[in-house]
Amino acid sequence: MTPPSETAAAEIEVEADFEELAEKKPWYIRTIEMARQQPLAASGFVIIIIMLLMAIFADLLTVFPAEDNDLEYMLAEPGTIHSDLELTFLLGADQFGRDLLTRIVYGARTALFVGFTCAIIGSTLGLILGVASAYFGGWFDLVVQRVVDVVMAFPLIILALAVVATLGPGTQNVIIAITIPFIPQCARVVRSNALAIREIPYVDAARALGFSNARIIMRHMVPNVMAPYLIMLTSFLGQAILLEASLSYLGMGVQEPTPAWGLMLQGGAEEFAESAPWVAIWPGVAISLAVFAFNLFGDGVRDTLDPKLRSR
Amino acid sequence: MSKYILKRLLMLIPTLIGAAIFVFFLLRLVPGDVCELRLAGTGLYADPAEIALCQKNLGLDQPLIVQFFDFLWGYVVFDLGDSMWTGFPVVHEIGLRFELSLQVAIMATAVAVIIAIPLGVISAVKQDTWIDYVVRTFSIAGIAMPSFWLGILIILGLLISTQHFLGEPWMPPIDYVPIWEDPMRNLSQLIWPAVATGYRYSAVATRMTRSALLEVLREDYVRTARAKGLIEKIIINRHALKNSLLPVVTIIAIEFAFLMGGLVVTEQVFNLNGLGKLFVESVGAQDFNMTQQLVMLVVVIFVFTNLFVDVLYAWLDPRIRYS
C-alpha cells in the first residue's frame, strides 16, 4: 500500500466529522438508523439476541428436566400432557421421553457456547499469528505460511474429524477440533492486511522510537487489522455451530445426555421420521435459524467494515 | 505458463509432506490403537500377549519414526498398505467406494450449477427488488441448513408424499448399483443426496454469480454496449455473463474438491457406502492406516484442484499472467 496521500488524509477528517455528528445523536436513534441501513443484519442480530437469552436463562424458561429419561412418554406427540408433572410437551418428546422444546432451549446453550468459544479463540490466535507473521517476516513468516498451507489443505470437516479421532468425542474436544482449522484461515487473511500496514511509516516511526516488538504488534498493528479480524470472527460463528452440529450428528461431537441440536438429530431422527417427524424437524430448524442469523449478521458486519464489498 | 505449473507442482511437495506428518502424528498423539479397540473394545478381557501380537502384525510395535517412513515409502512404491480393521488393501477399500462418491459429487455439482447460475443472474439483474431478496434469502438459507438435516427432510418428504399419493411409502434403494447396470435404480438412489448437497453448494455459487455479475455490469464496456442501444438480454448473456463466470468457475471447482471428501455427513444420512462413510468408520475404529490414506487422498484432490483452478483461471482470463 502507498503512504496515505493528502486526499486520504482529507477523507479521514471527513470521517471524523461524521463520527462527531453521529455521537450527538442518542444511541437508540443510531441503532435504528443502522438497522434501517442493514435490515437483514439487524434481523439476524435480533435472532442472535433471542438465542443468547434462551441460552442464558434456559433454567428459567423450561419446566421439564433436560437430561432425565422418561420412557413412559417416549416419542409423545406435541400437545401430550405429562400426567405427573401436569405439563404439556409443546413440541413433543424424543425417543427417551424428554421434552423436545426443553432440549432445544438447552441446546442453544451448547451451540452458542461452542460457536463463540471456537470463533473467538480461533480468530484471535489467527490474528496474533497473522500479524506476527507479517511483522517479523523472513524465515518466521515462511515457516508460519507453510504450516498454514498444510492445515488449509484439509477440508474443514475432515480436519475436525481427524482431531476428534485423536482426542475422542466430548464438548471440550469438539471445541479444539473446530478451533484448529479456524486459526490458519484467519491468520492468512490478517497477514495480507498486516503486510500493507507494516509498510506505513508510522510502524517505522514506532520502531525508530525504540518500542518493543510486542508493543508495536499489539498497540500499532493489531488495532489496524480489526476489520478483517471481526469479519473472520463473525463468519466463523455460523460455521462453528454448523460444524458442531455435524460432528454431534456423526456421534463424534457432544455426547449424550448433554442437549445439542446435532445430537438430537442423530438419536434416531431418521428411524422415527415417519412416526414422529417432530423429532427430526425442530432441532434442524434451530440449527438452521442460528446459522442463518449468524450469517446475516456476519454479512452485515462485512458490508459495514469492508466498503469494497458493499452491495455484493 | 509451464514454468509456473512446474513451480507450483514443486511447491506442493512440502505441503503434501507436511500434511502427511501432520495427520500421521495427530492420529498417534493419544494412546490406544486398532488392536486394543478390536480385542478389548467390547469390555472383555483381552490377553496382553494377543494385543502385542496384533500390534506386531500391523507394525504398530515399531518406533513411530520407522512407521512414518514406512508410510511415506508406501507412496514411493505405490503400496498404500492394508486397512488395519478389515485387513483388505486400502486401494481395494477405496476402489469399492470411489465410484459412488465421485458420482454423487458430479451430480451435486450439476444440481448446483443448474440452480446457481440462473438464480445468480436473475438476482443481479433485478438487484434490490423483491426477486433479489427472495433469491438471496433462498441462498443464505441453503448455507444455513445442514445438509444432513436437508437429507432427513427429503427422506421424510418422500415417505409422506409417496404414502399419500401412491398408498405405500417408498424409500430410495439402499444398495448401490453402478449407473451402467441399472440407470434408473442408480439415479433413484443417488439423486436425493445430490440434491441435498447440491442445494447447499449452489448457495455459495449463487452468491458468487450475483456479485461477480454486478461487478461486471458496472464496467465501462457494459455502459458502452448500453449506449449503443444493445438489448439488455444480449448485454447480459453475451457480454457480461461470460466475464463474470470466472470466479464462479473457481468456486465450483474448489467446492467439487471439497465434495469428494465432504460428503461425510450426507452419506451417513442416506446410508451410502461411500468414501465419507468409510472415513467416519475408520476414524471410529482407530484404523490409522485407512484414516491417513483417506485424508491424504482428500488433501491430494484438494491441492491439485486448487492448482488446476489457478491454471484454469489464467487460461480463461488472458489478462492474468503468472510469472
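Note that this is a predicted model, so its numbers are computed, not measured.

Asks: What should I look at first to understand the overall build of chain A in this one?
Replies: Counting secondary structure elements, chain A contains 13 helices and two strands. Taking all 312 residues of chain A together, 49% fall into the buried category. Partitioning the intrachain contacts of chain A with sequence separation of at least 6 by distance along the chain shows that 69% fall at a separation of at least 24. For chain A, the exposed area adds up to about 14800 Å²; of that, 65% sits on carbon and sulfur atoms.

Asks: Looking at this model, I keep getting lost on the packing of helix α5 (residues 100-136) of chain A against helix α10 (residues 213-221) of chain A. Mind explaining?
Replies: How two helices sit against one another is set out by the angle between their axes and by the gap between those axes. All names here are of chain A. The geometry of α5 relative to α10 is characterised by a closest axis approach of 11 Å and an angle of 120° between their N-to-C directions. When the axes of α5 and α10 are compared, the pair comes out oblique. Where α5 crosses over α10, the two elements pack in a sense that is right-handed. Judged by residue contacts, V131, A132, Y135 and F136 of α5 engage N213, I216, I217 and M221 from α10. By residue class, the composition of the contact of α5 with α10 is seven nonpolar, one polar and no charged.

Asks: Quick question: what am I supposed to make of the side chain of B:Q189 here?
Replies: By secondary structure assignment, the location of B:Q189 is in helix α8 (residues 183-217). B:Q189 has contacts with B:P172, B:P173, B:I174, B:D175, B:Y176, B:V177 and B:L272, leaving out every residue within four places of it along the chain.

Asks: It is not clear to me how the interface of chain B and chain A should be interpreted in this structure. Could you clarify?
Replies: In this assembly, 50 residues from chain B lie in contact with 44 residues from chain A. Contact between chain B and chain A buries roughly 4000 Å² in total, counting both sides, with carbon and sulfur atoms accounting for 76%. Linking chain B to chain A there are one salt bridge. Notably, a salt bridge pairs B:R207 with A:D299, separated by 3.2 Å at the nearest N-O pair. Listing elements by their share of the side of chain B that touches chain A, those giving two or more residues are α1 (2-27), α6 (130-144), α7 (147-166), α8, α10 (232-262), α11 (264-270), α12 (275-284) and α13 (288-316) of chain B.

Asks: Got a minute to help me understand the packing of helix α7 (residues 156-167) of chain A against α1(B) in this structure?
Replies: The contact between α7(A) and α1(B) brings their axes to 8 Å, and the two run at 30°. Relative to α1(B), the element α7(A) lies roughly parallel. Where α7(A) approaches α1(B), its residues A:L159, A:A162, A:V163, A:A165 and A:T166 are matched on the opposing element by B:F22, B:L26 and B:L27. Broken down by class, the residue content of the contact of α7(A) with α1(B) amounts to seven nonpolar, one polar and no charged.

Asks: I'm lost on the packing of aromatic side chains in this one. Help?
Replies: Any pair of aromatic rings gets described here by the distance separating the centres and the angle formed by the planes. Inspection of the entire model under this criterion finds 16 aromatic pairs over all chains. Relative to A:F136, the ring of A:Y135 lies with its centre 5.1 Å away and its plane at 75°, an arrangement referred to as edge-to-face. What makes A:Y135 buried here is its relative accessible area of 7%. Residue classification places A:F136 among the partly exposed residues on the basis of a relative accessible area of 41%. Their ring planes at 85° and their centres at 6.3 Å tell us that A:W139 and A:F140 sit as a pair that is edge-to-face. A residue is classified by how much of its surface remains accessible, and A:F140, at 28% relative accessible area, is partly exposed. Feature note: the residues B:F24, B:F25, B:F68, B:F69, B:F71 and B:Y75 constitute an aromatic cluster, connected by ring pairs.

Asks: Even after reading the chapter, I still don't get the nonpolar core, so can you show me in this structure?
Replies: Note that soluble globular proteins tend to have their nonpolar side chains buried in a common cluster. Counting residues in each nonpolar core, the largest one holds 145 residues, and the members touching the most others are A:V131, A:L161, A:I178, A:W261 and B:F148. For this core, the element with the highest residue contribution is α5(A), accounting for 13 residues. Those residues in contact with A:I178 that lie beyond four places of it in its chain are A:V114, A:C118, A:A240, A:L243, A:E244 and A:L247. Formed by twelve residues, the second largest nonpolar core is a distinct cluster that contains B:L213, B:A225, B:I235 and B:A240.

Asks: I would appreciate a short explanation of the side chain of A:D149 in the present structure.
Replies: Residue position: A:D149 is located in helix α6 (residues 138-152). At 3.1 Å, the side chain of A:D149 and the side chain of A:R188 are in polar contact.

Asks: Is there a simple way to explain the environment of B:F148 in this structure?
Replies: Relative to the helices and strands, B:F148 is located in helix α7. With a relative accessible area of 1%, B:F148 lands in the buried category. Along the primary structure B:F148 and B:T197 are separated by 49 residues, whereas in three dimensions their C-alpha atoms are 8.6 Å apart. Once residues lying within four places of it in the same chain are set aside, the contact partners of B:F148 are A:A245, A:S246, A:Y249, A:L265, A:I287, B:V265 and B:V269.

Asks: How do you make sense of the pattern of salt bridges when you look at a structure like this?
Replies: Side chains bearing opposite charge may pair, as long as their charged atoms lie close to each other. Residues and elements named next belong to chain A. Within the structure shown, the criterion is met by twelve salt bridges over all chains. The partner of R198 in a salt bridge is E199, with the nearest N and O atoms 3.3 Å apart. What emerges from the salt-bridge pattern is a single network uniting R146, D149 and R188.

Parameters and conventions
- Residues numbered from 1 in each chain as written.
- Chains lettered and ligands numbered in written order.
- Predicted model: local features only at pLDDT ≥ 70, side-chain atom pairs only at ≥ 80, totals over all residues.
- Heavy atoms only, no water.
- Helix = DSSP H or I, 4+ residues; strand = E, 2+ residues; numbered from the N terminus.
- Buried < 20%, exposed > 50% of the residue type's maximum accessible area, 1.4 Å probe, protein only.
- Contact = heavy atoms within 4.5 Å.
- Areas by Shrake-Rupley, 256 points an atom, 1.4 Å probe, with all protein chains shown as cover.
- Axes fitted to C-alpha atoms, helices over the stretch in contact; angles between N-to-C directions.
- Parallel < 35°, antiparallel > 145°, perpendicular 65-115°, else oblique.
- Left-handed = near helix turned anticlockwise from the far one by under 90°.
- Nonpolar A, V, L, I, M, F, W, Y, C, P; charged D, E, K, R; others polar.
- Buried area = accessible area lost by both parts, 1.4 Å probe.
- Salt bridge = Lys/Arg side-chain N within 4 Å of Asp/Glu carboxyl O.
- Phe/Tyr/Trp six-rings, centres within 6.5 Å; stacked < 30°, edge-to-face > 60°.
- Core = buried A, V, L, I, M, F, W, Y, C linked by side-chain atoms within 4.5 Å.
- Polar contact = N/O pair within 3.5 Å; in protein donor to acceptor, adjacent residues only side chain to side chain.

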